[in-house]
Structure formats: structure tokens, C-alpha cells
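# A structural walkthrough
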There are 2 protein chains.
Amino acid sequence: MTTGADPLVLFMPSGRRGRFPRGTPVIEAARTLGVYVESVCGGRGICGRCQIEVAEGVFAKHKIISAADHLSAWSAKEARYAAKRPFPPGRRLSCSATIEGDLVVDLPTGMAVNSAVVRKAVDTRDFPRDPAIRLLYVEVAEPDMHAPLGDLDRIFAALERDWDVAAPIVDPAILPEVQAILRRGGWRVTCAIALDRDDERPRLMGLYPGLKNEAYGIAVDIGSTTIALHLSSLLSGATIASAGAPNPQIRFGEDLMSRVSYVMMNPQGRPQMTVAVRAAIQALIEEVAAEARIATDDIMDCVFVGNPIMHHLFLGIDPTELGQAPFALAVSGAVAVPASDLDLTLHPAARAYLLPCIAGHVGADAAAVTLSEGPHRQDETMLIVDVGTNAEIVLGNRSRLLAASSPTGPAFEGAEISSGQRAAPGAIERVRIDPHTLEPRFKVIGVETWSHEPGFAEAARAVGVTGICGSGIIEVIAEMFLAGIVTEDGVIDGALAARSPRIVREGRTFAYVLHETADQTIRVLQTDIRAIQLGKAALYAGIKLLMDRFAVPPALAVPAPTSAPAAASDDLPLDLDPAEAPALADALFAAQAGRAAEPAISPPPPLPVPETTATAAPIRIDRIALAGAFGSFIEPRYAMILGLVPDCDLAKCGSIGNAAGAGARMALLNRAYRREIEATVTRIAKIETALEPDFQRHFVAAMAFPNKLDAYPELCRVQPLPNRGADGSVLANRPDTAGSPVGDGRRRRAGSRARERQA
Amino acid sequence: MTTGADPLVLFMPSGRRGRFPRGTPVIEAARTLGVYVESVCGGRGICGRCQIEVAEGVFAKHKIISAADHLSAWSAKEARYAAKRPFPPGRRLSCSATIEGDLVVDLPTGMAVNSAVVRKAVDTRDFPRDPAIRLLYVEVAEPDMHAPLGDLDRIFAALERDWDVAAPIVDPAILPEVQAILRRGGWRVTCAIALDRDDERPRLMGLYPGLKNEAYGIAVDIGSTTIALHLSSLLSGATIASAGAPNPQIRFGEDLMSRVSYVMMNPQGRPQMTVAVRAAIQALIEEVAAEARIATDDIMDCVFVGNPIMHHLFLGIDPTELGQAPFALAVSGAVAVPASDLDLTLHPAARAYLLPCIAGHVGADAAAVTLSEGPHRQDETMLIVDVGTNAEIVLGNRSRLLAASSPTGPAFEGAEISSGQRAAPGAIERVRIDPHTLEPRFKVIGVETWSHEPGFAEAARAVGVTGICGSGIIEVIAEMFLAGIVTEDGVIDGALAARSPRIVREGRTFAYVLHETADQTIRVLQTDIRAIQLGKAALYAGIKLLMDRFAVPPALAVPAPTSAPAAASDDLPLDLDPAEAPALADALFAAQAGRAAEPAISPPPPLPVPETTATAAPIRIDRIALAGAFGSFIEPRYAMILGLVPDCDLAKCGSIGNAAGAGARMALLNRAYRREIEATVTRIAKIETALEPDFQRHFVAAMAFPNKLDAYPELCRVQPLPNRGADGSVLANRPDTAGSPVGDGRRRRAGSRARERQA
């Protein structure tokens, strides 16, 4: 029974608060409120895990005046602990300090209580913790002939008495060791107890003589290109070490579909790739363990995310079904298996947890991004885009969630671009084009200065200027569009060749020379632009399908697009019959699936103009999150100028870094997040883009920069676009100018003006 | 809602009954009443597992007139099943037949629904079944891009829909196989679901295309001498095959304590013995699988029992702690571990279940015997004795249970007896002695006729007459006692040497010649009798301690024994000072523990006569069960004449065969029995005989035949004893005759008269 006269205690960062009678230990108050406070020793004052700090001051909003002396005076336990271990000033042991007045209590994270150095804090976000593994110290009764309970059974009795852990399962490897460990510890042992789901029995996975005060876990994002691994303390939550490595499966196939093909063609393909990825992960485990100077045996939990094909290959599952309709996953729900079954050498009784997959093309990585960004925890409508060879798209808010994948192809990663390359030193990553002179300046990975700044040449000599990476491609094309070099339809304006030596003829089309030296030319070809158009149109069409579905009840019919008038040019077959769009899309699918067919593009036609059809009012997207490596480097403004993503307040559009890894880490450090994402994934409506009749219509409209139909009012407020009004709408005169592949002064000038205003 | 007008249905053998509306399927009624009816196909009429029979007739006690036509008419499902599979007349499928009137329903056991032949019925007892493994057939939805649940997840959905099995754990080995199995089965699969405890998650341990209609389990009793294994169908409960083999650990030490010594002396001793016992069990598994013509993969569950040292060695636990006080078990509770961790090749995801141990010397075998005999399910007070090198003793009834072990030594197994041998062809197993002539007749294992019958000599020539086995030793000594050759105190009466050539001098004592040929003499020496006295006194003292504890509140003090007058003889030191009893007991312990010391016996002294002390009235034992191999061969009457066990109605004293194996089989076929014995063991009060001050007093009294103090009224009703009244009480004149090592005519005659009356 608490009363209004009892002290008020607020715990940060959770913000949970309550009144407790004077004399209540702080840890007890925290637990009453559901605030997780680590403790290994169970209040004996020896593990130091339950440290807190008092935030002193007047917290008007909470009507709390908090002071350090609103806690009880230092106890003998705290004095004893401080004499043996680092105990920073202001810290208290919450098992010992009792509430004597109003308090604001901070729970420090990333505390180092032992010699392991906290090297990094890759993810500084603070979230509540409740790991699936706990270390529980117990003092066990000695054997008694009159009550002949076994040694293990007396440990269990102590666990139940002190920790309320009942009837655990015991790992078989512990049985032969119980007696020696108990006697070595003088009847004091620490139990590593695994309990992930509340509907299962706790598991005694490790037993240690005396007090064991550290346990670790790893969170791993298995990308098709890169594997990233973080080592965290399960007790403090601190990230201790991180490591990454290329996915060795690349040697079997650069992208996902070529790896599936490899499995289909080679009987040993699946085992080879499974062995390769597991070995690479094991090498990373050993790398972080060495860096943190810990034993791999002390890594007691692990969480993995990856796209469905990575997920299946890691689990030893043949991914062939994922390469063909209906794209059936072997398993979509979360998977928990012994880590040893995955050939991982960690603690021998460690279990691996894999987040659920959302659909055949939307994997556990997308689930992890969703967990990390939490659209399901927000009122704002959020669009999450993870761009890779496949784009994975999640859209929604607290009340509704949708997901899809779209086959964007590898253009965004610099592949299939004539001068494209992976993001590596020497790659052009930033580009600006002067709208008057059409001269570029650029920035190269590994070089601090821009290309027009003094010292660039010398600085660049070391790394060279070797190509254009994904973010560079986006920027150069967007700048070409803004400078009028490229039309809305993605055609390089050959008429400009007269004005600038940068525009050159290349067969039947034109190219833009971005960088030229005696022995090297980096150009943007018409086919490069077309590759980006195909990729971004696929991405945008997928997003648009989700937005359509989000906006309207499924019952409302959407009329088919009507083709717009398109003027024929003199020497180029510029008509794109709407019936051709499916062929384009099919070619894109085919190119991805087997690299068998090349997209049937050569000279680009202008795009047809679908009528805006009468659907429900388009939804407003409040926030756009760009995930993944590509999302980390792309400038949101350029992504929007080219129409990769829909219109949105640019201030609310940004990279979220390796959100998949962050989500994996959340699931590692708090088992409640596992339940949260499992429940959330079952709520996500999946849209198979390939099956949607509107996909092709959206695809065609999205071939244009930024889009043939959709308004970009938020973007145009800060970035005027060619052929767009200040409100971002498509200018009414567009049909008059459409269909001309050559320069259109007015349109170019509009772009130039826009560029000037921006500068 | 059922009413009094609804038909009344009684299920046998469970006896559960209830009223159900007409039209209720019989299987549904059974389940409502908690009667376990097997079904694999979930009522599709294809597995045939839910067969029932109607018991027709008037069941007056139950007020039921039962008739076959009180079930619905044959269904199409039943006709279809009968066309494909054996379906004996009178059988019905309970998933199809509905209740249309009052019924008595029999659940047949041991049904063969497939080709596997039921070879044996080792245990014909009928008990309810509810195995931890079930085969559940499901029809699974095909993959759907619009609802992209994984293949496994759709299996789970079907399991939940059809069988109410939610959120199973999946065995990792299944993941890579799910898709191929589902497609091979045409989206119909059978799931092997393991669920032992209700507080854990079900486990998908196997997945099979189409209908799988058989699963097996093994129950194994790991004796220190013999390993016995039974293979049962988990679906029908039938025992399919049985096999046994010597425990190969014998080569490391004949008895338990010598095996512990071997471990203590040899660093490789523990692993050697663990490997040996596991390999022997694996060989038996392969033997029964071959006999039953099944794959070892189809053995999905296994239950093991054994004494604590066998239990520990099988689990790979060093048993050293069990060789010394306080005899701490590493684990006393039930253990469940993957069978593969025990190096057993069964179904790869099979778990092994080991029954709990009761105490450091009272193992999982005693728990299994308790489960099988069920003293905790009875109002009668039952004594269970499992005699081996250690005797394990359980005493109690529904309200209270006690257990102890007593170090009887190996005499009862024929070891440490001059002509002793294991029970094998050629061993004397039955003996009768004519009280007038003192001539014996006997029966030999492997020979049908008695030694005095025509044809014995020829018949015995094949096997020989090689020694005396455990039951033979008991009988010959008991007959010697009845014939007056041996006194109550266990002394061979040398005076009789004058009367019969069968009594011969052997050093300072006498011997009885049981069998003599030209080249062979089988004699019973004074030391043989002394060995049996020591063993049976230890056994009885243990029993007596339990009876004391059972009879009186622990607080009641028991006075120390007073020594009785003992007359000295001329040339033999016949006094046994009460202070010598502990030394005797200690020697016995030592002999067992290390074979280091021989019991310090040579000429036997007469026994002191402890006063009957004023304790609570001795308890009445309603039933005595003799377990184990020895218990199977011993004649209860002779066990009682020698005082191995207390007085009891002989009709309620008998062998229970391999009750440990029977208990293991119960735990295999019904997981509820696992919970029952786990709960029961926690209720059993354990008495460490070595620590009880009264042990020595009881031991000394129990050196006499049958006992110095205790009355045997039930025995004496059918078997008069020397020096006992017809009411079984010790004759008041005994002190007058005690102390004389030589013949006492009156006493001998009393024995003779008794023998005559009996004959």
C-alpha cells in the first residue's frame, strides 16, 4: 500500500514513475514498475550490476525535487564493493540504497564493472533491456544424507528461492560437471539461465563456480554483400566490439538470384554457400572475441537477421523455392536453434535467434529494420526503404503496416553502370554540375577535397579516380536533370553537344563526360541513365502500390491507365507503347533472375503520360527512412529529385544507417522485442508487387524524373525542379513539350534557374 | 449440456463414465472424460488407431445395458478403412461411430494396424496411455503469395487448427527438409510432436510425407549385472520385442562399489564405463529393431532406470561422491536429455527420460519399482524389497512413504558362499531336507526332475551340478533350520554329526554336505551361513528402521538395547558382545566398499538377546513385494523363515518380477506417470541406515532365524518354526536354551514336528 505521502520516484530513461514507502530498496521499486535493472548477485552487493545515479535538481514537469540525500546513507555493502571495484562518485547500488524522498533515478548503460574495455558505442540509442540470458548467483545448501536431494536439485532449490526460477531444463553438458563446480565454488555458483519466451521452461545453460559477472551476445546482419557483427555485454548492454567482412558467397554469385541459380545448377551449391557464410561469421566471432579479450565460450546468445535467401542459406535450407513463384519460404516465423547446429563455436549451449521473415522477398532484415524504426509504435506514417538488389519497403504506422519488395536491380550499387563501381576509395561519390557551364565538380571516396579545390590532384593520386559509386550515380544524374542535360524522360539532350564538350555522341545516343584524363574517361551514358530509371521506377512503383493500398479500401477499383499522346521524332523510335512497359518490367525481372536477358533498351523513348486516375486522395508520408549501406550514403534530396521516393518533408527524410543491425541488437538485449517483432510481422500486410495489376502503370509513370504524375510540393519548396510549379505539381504545358528528345530551352532554363535559386 | 436422459457410456479399463447426447462421436466422449484414445489422422478414418469394441450385455452394477447397435451404423469411413486394413469383427472406429444408446466401451490394447508383428506381451497389465510422443497427421494449405506464411508456419497453423498444438519448437534438422517433405506428401504430412511436461512447449521432432502410422519407444533397466530393454509401440502400447545383455561394466568391477573404486583409481575409468554401458544399450537397440524389423529412426522416445551409480555412469557423471558420505547425487530429480547426447542412435531428435533417484543409494530403479507397484496409490501398507548387492527398500501407503537402502552384500547372489554361483544351468535352486534322516533332495537349474526322482542323474549329466545359486542358498539354510541342523543363532549343530554323515567337521566348525560325488562336494559351511546372516540382518535392520519410523512419531525416543545373558561354552568364544555388532556391520560395509577387509567372522557366537523395548505398536505390513531377479526366484516362505522380511500373510507376499522395467515402461507410455513418480519421490522420506542409532540393535536381533525378538504369527499359521509358539511369538523358554552351541533335542524335535505337520 502506497499513499500520496510516499516519495515519488521517476526512473530514466524509461520515464516510469511511482510512489514507494520510505525504506524501499530502489531496485525493488524499479522492478515493481517493470524497469529492468540487472543484478547477478541478487542483492548481496558483490556484482555491482545494479548501479544507479540520482539526477539532482528540480524537475518541474514531474513535480519532483530530486537530491542525492533522498537515498539512504552509504551502506556497508556499498563501502565493501567500492573498496574492491571501480565505483564512480555519485553511483549507488540500488539493491542497497533505499528511497527516503522524491527521486529522479538514472540507470547508466554500458557500465564496465570488470576489466573488459568498452571500445565502441555503435548504437547510442537507449532502450530498455531484458536479455534472454541472465547470470544468477546462488548460495547452495550442502549435501545432507537426511534430505538426499542431488547437488543439481539443491541448486534448483536455491534458484527458485532467490530468483523465482522454477524447474529449469539443464543442458546435458552440465550434468557431469555439477559436483566439481559446486565444490570448487564452495557451494556458491553462478547459473547462466536462458529464458526467451515466457511459455517455455528456463534453461540452465551454464554453471560457474563463485560469482561470474559477465556474459556476451552477438547481433549479426548477414547481408548478401557484407556481414556485420556487433558484440555486446548482455549485462550492461554496452557494445564491446564490432566487425564486418564481405559475404564469401559472393564468389558463387554477385547478387541473390545468381546465388539461387548456383544452388539450382550445382548439387553442392547449397552446402558450399552454407559452409561459407557460417565460416565467415565464425571468423568474425573470433575477431571480436580477440578484440574484446574474451573467450568465445562467454558469448551466450546470438541474433541473426538477413534477407530470406541469406536466412535460408545460413540455416542450411535450399533457397530454390524463393527463386520462383510463389516464393515460398521454408519458414517465415522466428527461428531459435542451438548455435552449434549452425556450426558456430560460442558457448556450447547458446541458442541462435533469427528474426521472422515478412515474405518471400522481405526478410528478417526488413523485420529488424521495422523493429528498429518502429513505425508500429508511431502515429506518423513512415516509409522505410532498404535499397539493395531488391528494395524492401515497409509503410505504415501504429494502426496499419504494409510491406513489399521491388526488384530494383543492382544499378544503385554501381553495377550495370558503365563506369559504376562499389563504394571504395577512388569512387566518385558526390557530384555538382554548374547549370551555366555544365562543368562538374565531384568528390572521391578517400579524398577530402572536392575536384575543383586546390590540392585535389595530388590527393587523388593515391587512390585514383576509378569510377562512380551508387550515391555518385544518383547525384550525377540528378544534377544532369537539374542542369537540363537530361530531360524529365531521362534523355540526354544531344543539342547541348554544341554548347559543351561535356556532351558527346555515343552511338545513337549521347553521353556526359564527368571526368577525363589522358588515359581514362568516366562518362555517364544514356544506358546508365536508363538503368537507373528502371531501378528507381521499380522501387517507386512498389512504394506507390503500398501507398495505394494504404489510402484506399481494397474494394475500390482502380481504372487502367490511358496512353497519352506522344510525338514521333525524326530518326528515333521514340514511342513507348504502354504495352511495352510490361516487357520492360519483365526484362528487369529476367535480368535479375538469371542474368539471361538484357533489358531491351537502346535509344530511350519518351515516356507515355498516364492520366491521373480517380483514386482516393494520396496518403501523406510523414517520414522516410533510408536503410542499408546505400541509404547511408545517398543524399535524400537527390533520391527525391530523381523520384526514388515520394514527396516528403526533407527534414524528415534521412538515413537510418544499419537499422537491420540495430534491430538485431535490440532483439539481442531485450527478449520483449523478439515478441514485439514476431507479433508485428503477423500484422504486416504483404503485397507481392509482381502480382499487382497497377504495378506496370506505376512503373511507367515512375520512369520519369521525378515522376510523370506525382506532385512533389515539399521537395519543390526547397528545390525547384524543371517543368514543375512552385507547388511541386507537374506543369500543365508539359504535354506540349513532351516527346522531344532534344533540348528544350525553357525547360532547361527552368532547371538552371532552380539551380541558381538553390545556390 | 447433457441430461439424465442422455445415454450413459462407460469406458473400460479406466472405468470412467459419463452421459453424452446421442450423435456424440465415441472418441469425443472419451476425451471429454480424459480417457486417452490414440488417433494419428484426427478423425479422417485413415489411421485406424482409435478402434474400440462394445462390450455387450447387462452391466447391473453400472445400470447399463450395452449393445453393439447402441452405436451408429457403419460409416463410409469405416467401410473404406476395413477394405484396406485388417479390421476385426466387432471393432469400430471411435472417430466415426456415434453414441446412440447406453454403452460399455472397451479400448483394445496392443492393436497391430500395420505389418509389424506383435511378438511378446511381457507386461500384460493394462494402464492408461498418454505417451510424450504423438503422431499428428495434417493437411496443409498450399503457399500463397498474398499471405506469405512459410511452409513450416502453415504446418503449424494446421497443427493448431486440427490438434490444438500451438507454437511448437522445431528440431533444427527438420528446417532444411520441410519443403521437400511437404511437396513429396502433396501438402499432407504427419508431424511427430513431443510433449512431455505441460509447462513446456511442444516440439516438432519429426516430419513425414503423408500418413505415418507407427512410432516406437524403449524402456531400459540398467542393472549392475544385467541390462534389460523392451521395445513398445507408442501408438498401441504393445511390447514388440525385448532383449537383455550382461552389463559390460562387470569387467571393471563385479559390484557397484568396486566400479566406483575403479573410477577413483583410473583416470579413464569413468569414460570407459560410460562408453561400455552406452554401447551395450545401443547393441540392444539394434537387436530389438532388427527383431521387430523397424528402423532405429522410428524409436522416438526412451526411458531409463537404474541404481544411482548406473544412472550416473550412464549420464557420464563421475560416481565417486556416491562412494562416500554424504553420498551426494549429482542430480536426483528426473533428467531429460537428447538421446544423442548419450551416444544413442535412435530418432535423431529423441529425448531420453531418466526417472528420479530417491537417494544416494536408492535409485531410479527403486523409483520405477515404486511407480509400478504403486504403494502411494494404495491404502494397504506395502513393503517393497529389491535385493541385490544393495537392498533397496520402500515402505508405505497412500498417506506416507519411506525408503532406505541396506548393504546386504553379495551373498544373496551366490557370491561369498563357498559353493555359491550365479543362477545358471547346473546351479542348485531348490532344496528340501528330511527332518528325520537329514537327507536332502534338490532341484538344479536346467533339469526338470528333482534329485531323488528317477532319471535325474542322466538329466543332470548335461549341465552338471555345479554349485548353489542365491535362492538355493536361502532354501538350504532355511531347511537346515527347520530340520534342526542349524540353530536359531545360525550355528550348525555339531552333535548331529553322530547321527548323519551329512554333518561333518570343518576346522573348528561344522558343515552340511548337500551333494557329493567322486570328484565333487557341495557343502554348506558355517561361514556360508554367517554370510547369509550378515546380509539378511542388514536387510531386515533396514526394513525395521522404516517400520519403526512408520509406526512412531519421530520425537518418541527409543531406548538403547540391553545385552542379554549369554552362557560361555567350553572351547568356543561364543559371546557376541553387543559392542561387536557395529564392528560386524562396519566390516560388511568395508567388504562391499573396497573388498579390502573380510568380515571378521570365524566361529559363530550365539547372539545376544536384546530386550523388546517399549516403542509404538509394530506396524502391520499388508503386502510384501520382492523385486528384481533375486526376488523372482526366491520362495517368499523361505525368505520369511530366515527372516529376510518381516511377518506377513504369505498369500500377499510374492515376486513382482522386473518391476523396475515395468515402471520404466509405464513412464514410456504415459507421461502422466512421469509426473506421478516425480511428485511421489519428493514425498518419500529417506532414511540413511548407516546414520540411525537403532540400526545396530536391529542388526543384532536380525542375525537370528528368523529374528531374536520379532513375532511371526502369520508365518507360523502355515509354517511352524523351531522355538516359536503357534502364534509365532518367541518361546519364553528360549533364554534357558540359548548359548548352547550343540544339539538341543527339544528344539530340534519341535522343528521336526513342524516339518511333519507341514508335509
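Residues numbered from 1 in each chain as written. Chains lettered and ligands numbered in written order. Predicted model: local features only at pLDDT ≥ 70, side-chain atom pairs only at ≥ 80, totals over all residues.

The name given to chain A in an unreviewed UniProt entry is Ferredoxin, and the organism recorded there is Aurantimonas manganoxydans.

Its 24 residues place the ends of helix α6 (residues 269-292) of chain B 35 Å apart at the C-alpha level, agreeing with the 34 Å of an ideal helix rising 1.5 Å per residue. Among the residues of α6(B), those classed as buried are B:G269, B:R270, B:M273, B:T274, B:V277, B:I281, B:L284, B:I285, B:V288, B:A289 and B:A292. (Helix = DSSP H or I, 4+ residues; strand = E, 2+ residues; numbered from the N terminus. Expected span 1.5 Å × (residues − 1). Buried ≥ 20, exposed ≤ 12 C-beta atoms within 10 Å, placed from the backbone.)

Residues and elements named next belong to chain A. Tracing the backbone shows A702 in the loop between α17 (694-701) and α18 (713-718). A702 sits 163 residues away from L539 along the chain, and the two C-alpha atoms are 8.8 Å apart. A702 has contacts with K536, A537, Y540, A541, G643 and N707, leaving out every residue within four places of it along the chain. (Contact = placed C-beta atoms within 7 Å.)

On to the sheet that holds strand β27 (residues 623-627) of chain A. All names here are of chain A. Taken in spatial order, the 6 strands make up an open sheet running β28-β27-β18-β19-β20-β29, and their pairing is mixed. With partners counted over all chains shown, the strands left at the sheet margins are β28 (653-655) and β29 (685-687), one partner each. Strand-to-strand twist across the sheet, computed as the mean angle between neighbouring axes with direction ignored, equals 15 degrees. Note: strand β19 (residues 391-397) against strand β20 (residues 400-406), 7 bridges, orientation antiparallel. Pairing of G396 across the sheet is with L401, part of β20. (Pairing = 2+ DSSP bridges. Axes fitted to C-alpha atoms, helices over the stretch in contact; angles between N-to-C directions.)

Further remarks concern the relation of the copies chain A and chain B. Between the two copies of this chain, the relationship is a rotation about some axis together with a displacement along it. Each copy superposes on the other: chain A lies on chain B with an RMSD of 0.1 Å after a rotation of 180 degrees and an axial shift of 0.1 Å. With respect to symmetry, the two chain copies, as superposed, fit the operation of a two-fold axis. The rotation axis passes nearest to the C-alpha of A:E200 in chain A, at a distance of 2.5 Å. (Least-squares fit on C-alpha atoms with pLDDT ≥ 70 in both.)

In this section: the sheet that holds strand β6 (residues 91-93) of chain B. Residue and element names in this part refer to chain B. Across the sheet, which stays open at both edges, the 5 strands sit in the order β2-β1-β7-β3-β6 with mixed pairing between neighbours. What marks the edges here is a single partner per strand, and that holds for β2 (17-19) and β6. With direction set aside, neighbouring strand axes in the sheet form an average angle of 35 degrees. Sheet analysis places strand β3 (residues 51-54) next to β6, joined by 3 bridges and oriented antiparallel. The residue bridging Q51 from the neighbouring strand is L93, located in β6.

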